[in-house]
Each structure stands twice: as C-alpha cells, then as structure tokens.
Amino acid sequence: MKAIRRFTVRPVLPEPLRPLSDLARNLRWSWHAETRDLFQTVDPERWASSEGDPVRLLGSVPPARLAELAEDRRFLRRLTAATGDLTDYVTGDRWYQNQSAELPAAVAYFSPEFGITAALPQYSGGLGILAGDHLKAASDLGVPLIGVGLLYRHGYFRQTLSRDGWQQEHYPVLDPNELPVALLKEADGSPAQVSLALPGGRQLRARIWLAQVGRVPLLMLDSDVEENDLGERGVTDRLYGGGSEHRLLQEMLLGIGGVRAVRTYCRLTGYPEPEVFHTNEGHAGLLGLERIAELVDRGLDFDAALEAVRAGTVFTTHTPVPAGIDRFDREQVARHFGPDAELPRIDVQRILNLGMETYPGGEPNLFNMAVMGLRLAQRANGVSLLHGNVSREMFSGLWPGFDPDEVPITSVTNGVHAPTWVAPEVFRLGARRLGAERTEDELAAGGAERWDVVADIADQDIWELRRNLREQLVVEVRQRLRASWRQRGAGAAELGWIDGVLDPDVLTIGFARRVPSYKRLTLMLRDRDRLMDLLLHPERPIQIVVAGKAHPADDSGKRLVQELVRFADDPRVRHRIVFLPDYGMAMAQKLYPGCDIWLNNPLRPLEACGTSGMKAALNGCLNLSVLDGWWDEWFQPDFGWAIPTADGVGTDPEHRDDLEAAALYDLLEQRVTPRFYERGQSGLPDRWIEMVRQTLTLLGPKVLAGRMVREYVERLYTPAAHAHRALTQDAARELAGWKARVRSAWHGVTVDHVETTAATSTAELGATLGLRVRVGLGGLTPDDVEVQAVSGRVDAEDRITDASTVPLKPASGSDLEGRWFYEGPLALDRTGPYGYTVRILPSHHLLASGAELGLVAVPSQDVMEGAGVLLR
C-alpha cells in the first residue's frame, strides 16, 4: 500500500553523541577524510549502504548501537577531536584573514547549480561542480562568501539504459528533511521566506534552506511551499527542466529572490552584507535588477543606481557558443516586470534595454541573459585563457570600434578542489613526505609554483599506487556494470562475463562528461576496426571506461550514447570497453584516480575549460586531449599529449572528425601504449612514471581551486569592492550624469589632423617620433577624454597587431574653432612593418576600462591617408 504522506523520523542521539549531528550538517565531511572515517566507524555496513551520507547513516543506526558508542571512550575521544578540528577550521584565521589589502567584507556567489557532494544532488555537470569547488576553496581560504542557488526537488535526472542502450531518465523525489540542509528561520521560529510578484496578482513564495559548506553558507530557495499554487510550487522542480516560461521563473527566483534571501540571511545572522555580487553564468543575472530596485527605493534614479550596481558586480561566462546562452522573448520578459508584476518602480523598457541584442548580427526581439550580465557587471571573465579570447570575440558587438583583444573581458582559469578529488591513497603518499597537515594545506590553499617534493617519491611507490588505483576502478566498474545490466533486464545467469571485464594491468583510458555533440563522445568509434585492434592488441592492449549523460531533450545526444553502448555491448570487446550510466560525483571520485589516461576530444575551441582532466591530473593520470580550454594553456609534452586539430574554416565537419580520429589512433598506437608497456632496467615503465611525476610536480599546483579563488579575490573581488565603496550615492549620480553627457556629445568628437616628425617611410629601432594631433571634442573638455597613440607591428592588411598605447598630452588651449592640440613621443621599439594610429576614448577615474562605454573616435580615411602611418 502507498503512504498518503511521507515524513522523516529523526533519531535522538545520546547526549555524548550530539556533536555527530553538527559534523553531519556541515558539508566539510565531504572533503575531510578524518570526519568520514569517524562516521564509517559508527556502522561500516550502514555507512556503505547510505552511500557515504552521514545524515542518512544517523537516521538508520539502531538505538542499541548508539548507546554502545555513547559508552565507547575511544570513539568519544575521536569525536571530540573531530569536533574541535571543525571548530578551529570555521573560526580560525586563514589565508584571507592574513592579507593586508582592504578586501571585501563579503561576496555573494550566485549559481543555478552546486556540486558539493553526491548526498546533495543539485548539479548536472561542470558548471555545478565548478561552483561547488569554488565554495569549498573559498572556505579553505577563509573568504567570506555566501553561496546562492535553488533547491530542486528532483535535482538533475538519474540515468539508466534500456535493453537496446537508449538513455532513460528518472527523477527521484528529494525530501529536504533527508538532506544535509536546514531551514533558515525567523526569530520566532517560523521559516524565513522570500516572495516575488507575478502577473495577475499572483505570488511566488520560497523558503530558504541553508547548507553549511565548511565556513561558507549556501542558501537554496525552494518554491514547494503550501502557500503557492500548484504551478508556482513546481518552479524549483527540476534543474534545467521545463520550457522558457519555467526557466524564466527559475531565473527570477534565483536572481531577484536570491538577493532577498541574502538580505534575510544577513539580517537574521549578522553576517556582513556583501560588497561584491558574483554571477556564475547568466542564469542569475537578474540579481542586478533587484539591487537597482533597492537603490531606487533609497532615492537614486535608475542611471545612478545602475552605475552603483555595476561597480560591485562580477560576471563569469562559461559559454563558448551563442546557442548555450538563455534567451527569452522580450514580450515574455516584459510581462513579468512593471506595475502589475515584479520591480514595479522600474520602467520596463529600461529593463529590456539591458538584455536586448542591439548589435550587428543580434536578434532585436530576444532578451539575452549573458548580454544583460555583461551590461550589469563592471568586471567580467572567461574561464581559461583561450575561452577569454573566444568570449571577447563572441561579445565584441557590445563594444563597437574596439578590437576583440581590448573587449573588457579577462580570464581566470578554473581550478578543482583537490581535497574533494584526490584519492586518499594519493593523499597518504604525499603525507608520508610532508606530513598530513602540510599536505592538506598544499592541496587546499596552494600557492606553490611546483611540488618538488614529488621528486623524492620512489618510482616503485608511484607505480604501485597507480596499479592499486586501477585495481579499485576495476572492482567499481564491475559492480556498476552488473547493476546496469540488471536494470536493462538481464538475468544473473547471463552476466558471468562481467567478472572478466577490465584488467588491472592494462592501460586504462577514461572519458566522462556531458554529451552535447561538440564533446564528440563517439569520435573514438570513427574507425571501429582500428579501435578494436587497439583494444585487443596481444601485447599492448588498452581498455576504456566511458560515462556521460545527454540532456533529456537532446535526442541527438542520446543517439550518441546508444551508439557507444551498442559498441561496448559487442561480446568481442565488452571486456575492454564499458559504458557506465548515471555519471555523477560518486562515480567520478573513483574514475579519475583509476585511469592512466584522461581523454578529451571536443571541437576546438568549444570547451570553455574542461576541468575533468584537472581532477585526473591531481591523481597522476596523464591527459590526452585536443588543445582546448585549460589544456591549450598548460600543455607540455613532459606530462601528456596534444591531439592535433583540423580546425581550419574550410574543413568539412565530417572530414575534420576523420582527420582528428586518425590522429588520436596514431598517438595511441605509436606513442602512448608503447610508453606505458615499455620497461626499463628496473622492470618498471620508467618514462611513463616520469610523466606521472611531472604531471604532479608541474600541473598539480596550477589546477587547484585555491589558486583560482585567490585570483578572483585579487583580480576581481577586491577591485570590485573598492569600486563599490567609491560609488557613494553622490558619486553614482555624478558618474551617471557624466556618462550621459559624454554619450550625447560623442558624435562631435573627432581626430582632425595627425602630424609626425618622420620624414621617410623607414626608421631605426630605438628612434622616437614626435606626434602632433588636432582633435575636436564636441563640447567635452580634455578632462573627459584620453587621446592615445596606438602602435605596433602591422599585418599584410595594415592592421595593428600586438598593440601598445601611449597617452598624448594637451599642448595648449583650444583654438578659435574649438579644436585642441595633443602631442607626445612614439618610441619605435620593434623591428619590421610598423604602424600607428590615434584614437580618443572617454576617460573618468571611476571607469574600470577605457572601453567600458563602447565609445571610440578614430581618424577618418582622409586623415589616415595624410598622416603617413606606416613605417616599413
């Protein structure tokens, strides 16, 4: 019989065991081995059946066992030590508290998904795992961060396979009372709520659940409350589910509701109000509108409020293609704002203007969440050096007149949280050399350029570690594969072959990620005969473990999964290649350490960063990847291989796949497998072990989330906090007025004449030219602008490359025609074809970049032809 109502009955812990509840409720246990070991001691069998979730564990332990532990002095000593360690961790000074700069009082970090632990399944892929690692690293560093997201009642889908290999989705119901979260409550004990106004007088209400991620609070909004109508209750049903109306409501709740949740949390707990708001991808971009509305309520006009909000906002884009960005019909957005809906005091047209694609090639009727995110943030970044370049190209239409490399989008390369992703065996090997505490600090906070201590680890120890991890993966794969085949309808009698799947002495390749087409799950199948030869080679075989989920609405992705599964089902190769369904954090934590090679073959440059290879590298796994994302930035032949790409603009996609697959097979046949199986005088694969050593020594410190978060603090959060403090109400009004005046006068800003002291078209290295420029400022003054000489090498089309800029200085007052003269030297510091030009930019001490307004004046064609701008 089916229950008509479900609720959770919590155990009453004996008084000596009460600290166990506090340890279970702080998600630091998910990356702190000693705390997990303590919970395992409570009941090893139940710990395993609870899948390592201490909340579920404590809900299932019999009272007799709890009473026994309450009398166990050795266990109680360990409990006291773990509790004291957590207290020190959350209250003691860490890296952030020891900085001398004036850092932000707090930072609010918004993301649509967070991958903290498998016990809190609120993530779908890389964006969420990155957000979870960001929170954990911020906690380790002592950064006063508040995470803000949604609590999805079904999370992301669980994946199984049909008998013929077709992906099937299942959406388990998550009861927040069974998760490691707690309701945020008002002083009177009632649940804290936020609400949004919807068209037609309706309300969208949401409770606030709190997950404690070490030192960092994570606020998660949940619309499944009784006061909501059925439709509103379902707003937070699924991650990335539903149509555009559903997604818009989710993003309104995340952005607007999220700011209200932050204000509520700070009011109730005394936590410092954030000075910086960081939106992780465009989904949360509407948070800027709520903050504008707050300032409008305090007496600022919209333009001044916009400037104040921009100053303290950071926007991170993870998307290398326009199709990956959320876009809504403008009428749909307009319906949700204004007098009859949300933010009634703001003119709807001003809201729409922030997201409209008003640039060449844009769709004028669509509201673009990334475009709005960029217009609402004074600082923006991509997530690798290459992705920064791609982003500047992709969004260059927002800054007309500027070369893409001057578009004000920087990059902070992603990192991964090593304590989460490093296998315990790898940690112990490091701890034998450095001690547990120092190893923990190196992995969490980072800061070192190299891990030279790895040089002291014996080859034999490294090789034994790698084989041990591979053996663990083999056991894990067999268990998961057996469970998958049972779900597909196979009987136990037909699964005896699974006991021979994979071999702990065979070169093991891992490939696991989401399954959009650009990641090319099936590139390895391009020449099946050649792949079979690699899998079944009599002396140098390979074996491959594959996992990944296609989006529920992506049938083409599901067909790729099915194609791979059907190949892996072939009795000739099924002991050498497997597909594991339901890829998630728990699987990943076994998969990364157990592989010898991590394979990544996206279409370059469509991988924004690709952090799975970083997690593998931290465990001594070598990368075999297309030069995309982070691998383009840090690849060296000492610790991996680069798959050549055929990404010329004229290359047919099918032909490109053929070429790149052939290059992959060549690398495996000629370079990778020989190195793994080749033995030196010691009987060990010396050259392979040296590559593992170089991976740990050189890549290890680079790929840490601690390094990433420190970069965010130093390069983005702190400048944003300083800008926020500078934008008082009066300063915001002054800046908004100045921008309006500059924009209205800019049509009159001109470069009228350029003179140079160069008499010929050649000059010597080290010489200096004198420039004299006459400009019109159209009613502006020299204080409003900067006149620059831009110089550098020129290409065959006379475009300046690798440009450098030098400001010119006013030479005198304006002439009778209101023109101004500027002068300055131009040093010739490079040989070869060389050129210069002159331009005028707006200039104000509160701008973060000269390109911020997207305004620039350059010489007309007539002026350029008369200026002698090329030196050869």
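Anything mentioned here points back to the structure above.
To keep things clear, this report deals only with the structure shown in the data block. (Residues numbered from 1 in each chain as written. Predicted model: local features only at pLDDT ≥ 70, side-chain atom pairs only at ≥ 80, totals over all residues. Heavy atoms only, no water.)

## Some details on the side chain of Thr522
Part 1 of the argument: Position of Thr522 relative to the elements: it lies in the loop between strand 15 (507-512) and helix 20 (528-535).
Part 2 of the argument: Sequence-distant contacts of Thr522, that is, excluding residues within four places in its chain, are made with Leu560, Glu563 and Leu564. (Helix = DSSP H or I, 4+ residues; strand = E, 2+ residues; numbered from the N terminus. Contact = heavy atoms within 4.5 Å.)

## So, the pairing of strand 22 (residues 768-777)
Part 1 of the argument: Of the pairings in the sheet, the one linking strand 21 (residues 749-756) to strand 22 comprises seven bridges and is antiparallel in character. Its bridge partner being in strand 22, Val754 is matched across the sheet by Val773. (Pairing = 2+ DSSP bridges.)

## Section: the pattern of salt bridges
Part 1 of the argument: Per the counting criterion, the structure on display carries 67 salt bridges.
Part 2 of the argument: Arg566 is the partner of Asp164 in a salt bridge, and the nearest nitrogen-oxygen pair spans 3.8 Å. Residue Asp164 is found in the loop between strand 3 (158-161) and strand 4 (167-170), and its partner Arg566 is found in helix 21 (residues 555-568); the two are separated by 402 residues along the sequence.
Part 3 of the argument: Relative accessible area serves as the criterion here: at 39%, Asp164 is assigned to the partly exposed category.
Part 4 of the argument: Classification of Arg566 as partly exposed rests on a relative accessible area of 47%. (Salt bridge = Lys/Arg side-chain N within 4 Å of Asp/Glu carboxyl O. Buried < 20%, exposed > 50% of the residue type's maximum accessible area, 1.4 Å probe, protein only.)

## Some points on the nonpolar core
Part 1 of the argument: Formed by 105 residues in total, the largest nonpolar core has its most connected members in Met524, Ile544, Ile597, Leu624, Trp641 and Trp688.
Part 2 of the argument: Once residues lying within four places of it in the same chain are set aside, the contact partners of Ile544 are Ile509, Met524, Leu531, Leu535, Arg576, Ile577 and Val578. (Core = buried A, V, L, I, M, F, W, Y, C linked by side-chain atoms within 4.5 Å.)

## As for the sheet that holds strand 25 (residues 809-810)
Part 1 of the argument: Strand order in the open sheet formed by four strands is 21-22-26-25, with antiparallel pairing between adjacent strands. The open sheet terminates on both sides in strands that have one partner only, identified here as strand 21 and strand 25.
Part 2 of the argument: Examined bridge by bridge, strand 25 and strand 26 (residues 819-827) share two bridges and lie antiparallel to one another. Paired with Pro810 across the strands is Tyr822, a residue of strand 26.

## Let's talk about the environment of Leu219
Part 1 of the argument: Residue placement: Leu219 occurs in strand 8 (residues 216-222).
Part 2 of the argument: Expressed as a C-alpha distance, the spacing of Leu219 and Thr264, which sit 45 residues apart in the sequence, is 10 Å.
Part 3 of the argument: Ignoring sequence-local partners within four residues, the contact set of Leu219 consists of Ile146, Gly147, Val148, Gly149, Ile208, Trp209, Leu210, Ala261, Val262 and Tyr265.

## Looking at the sheet that holds strand 18 (residues 597-600)
Part 1 of the argument: Strands sit in the order 17-16-15-18-19-20 across an open sheet of six strands; the sheet is parallel. At either margin of the open sheet sits one strand with a lone partner, and together these are strand 17 (577-580) and strand 20 (640-643). With strand direction ignored, the average angle separating the axes of adjacent strands in the sheet is 20°.
Part 2 of the argument: Sheet topology note: the strand 15/strand 18 ladder contains two bridges and is parallel. Bridge pairing links Gly510 to Trp598 in strand 18. (Axes fitted to C-alpha atoms, helices over the stretch in contact; angles between N-to-C directions.)

## Looking at unusual backbone geometry
Part 1 of the argument: The step from Arg604 to Pro605 runs through a cis peptide bond, and the omega angle for that step is 5°.
Part 2 of the argument: For Pro605, the location among the structural elements is in the loop between strand 18 and helix 23 (612-617).
Part 3 of the argument: Phi is positive for Glu281, close to 75°, though the residue is something other than glycine.
Part 4 of the argument: Its location among the elements puts Glu281 in the loop between strand 9 (276-280) and helix 10 (287-297).
Part 5 of the argument: With a relative accessible area of 6%, Glu281 lands in the buried category.
Part 6 of the argument: Its identity is not glycine, yet Asp582 carries a phi of approximately 65°, on the positive side.
Part 7 of the argument: One can find Asp582 in the loop between strand 17 and helix 22 (585-594).
Part 8 of the argument: In this structure Asp582 comes out as buried when scored by relative accessible area, which is 16%.

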